[in-house]
Amino acid sequence: METSVQFEFIGRVRSCYPEKFGIPRQSGLVKSSSGRLEFSFGYDREEMVRDLEGFSHLWLQFFFHQAVEEGWRPTVRPPWLGGQKRVGVFATRSPHRPNFLGLSVVRLLGISVVDGRLGLDLAELDLVDGTPVLDVKPYLPYSDSRPEATSGFVHWNEASCPVVFSDGAREFCVEYEQRTGRPLATLISETLAQDPRPASQRQQERSYGMALWDVNVRWQVGADGVFVVAEISDGQI
Ligand code: SAH
């Protein structure tokens, strides 16, 4: 019997998240996150996506390429348990797992050809820019959705960390959205509402930087857990 198999990536995701820090811990949580699956040569064939546009959501199977260097661990500390307790890797969605395979439900906005290359326009992502993709399947609510499912130690609450913008940051977001059409302020608010800080740093007062598209965003945690967007800049001066 075979004990290994080789796969070829069918494409890569270009996403609004150029770095891992700040990316939501699951897909579907940040509605304004967006990106595009660009099919690779050989898989950029319109017949392969024929009739896909009728599905609002897709499963993406992908490779956690930025976890490979750090390797995988048999147990991990999920943020739900305050970063203290270890649970089995198979009880988590950690990137640091054997085979480094990821699975996300994302929203399909459309199918398009950009610069001659076929791709899927996507939203509600949890993927870093450049993530290699192995497969795409339609999400089938009649069988994939199980409202009776239990979720172990994961106690998710509708995230609602309030976010305030400095005047300068607010102005930058308005100007950036006019210039690029990208909803930067909404993406910042929804991304920070998920509290991207590692569980071990929630008690500390410090500032953080995160990248969204080509923009660097500096934020800190103010009184009462409010996230304050302080400084913001992009490649344009
Ligand atoms: N929904 C997926 C991913 C959950 S983990 C699944 O369950 O398999 C989500 C985290 O993976 C993100 O917060 C981000 O930090 C990290 N991530 C996203 N893309 C990655 C990549 N290509 N390599 C390594 N880590 C990645």
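Here the structure is a predicted model, which is why all the values come from computation and not from measurement.

Asker: Let's hear about the pattern of salt bridges: which residues, and what values?
Answerer: The full count for this structure, using the stated rule, is eleven salt bridges. The salt bridge partner of R14 is D129, with a shortest N-O separation of 2.8 Å. Here R14 is found in strand β1 (residues 11–15), whereas its partner D129 is found in the loop between β7 (117–123) and β8 (131–138), with 115 residues between them in sequence. A relative accessible area of 41% means that R14 is categorised as partly exposed. A relative accessible area of 22% places D129 in the partly exposed class. Across the salt bridge formed by R107 and E124, the nearest N and O atoms sit 2.9 Å from each other. Of the two residues, R107 sits in strand β6 (residues 101–114) while E124 sits in the loop between β7 and β8, which places them 17 residues apart along the sequence.

Asker: Account for the pairing of β6, naming residues and giving values.
Answerer: When strand β3 (residues 57–63) meets β6, the two strands line up antiparallel, connected through seven bridges. By the bridge assignment for β6, L58 is matched with V106. Of the strand pairs in this sheet, β6 and β7 are connected by seven bridges, and their pairing is antiparallel. Bridge assignment links V114 to a residue of β7, and that residue is R117. The turn linking β6 back onto β7 is made up of two residues, and D115 within it adopts a positive phi angle of 50°.

The rules we used
Every chain's residues receive numbers from 1 upward, in the order its sequence appears when written. In view of the model being predicted, local features appear only for residues whose pLDDT reaches at least 70, and side-chain atom pairs are presented and counted only at 80 or more, with totals across whole chains, interfaces and linings using the full set of residues. Just so you know, side-chain values use all the structure's heavy atoms and leave hydrogens and water out. Salt bridges are defined by distance alone: a side-chain nitrogen of Lys or Arg within 4 Å of a carboxyl oxygen of Asp or Glu. Helix and strand definitions follow DSSP, with helices as H or I runs of at least four residues and strands as E runs of at least two, each counted in order from the N terminus. Burial classification: accessible surface area is computed with a 1.4 Å probe over protein chains only, and a residue below 20% of its type maximum counts as buried, one above 50% as exposed, and the rest as partly exposed. Two strands pair under a simple rule: DSSP has to find at least two bridges between them.

Scope: geometric values only; no functional claims are made or implied.
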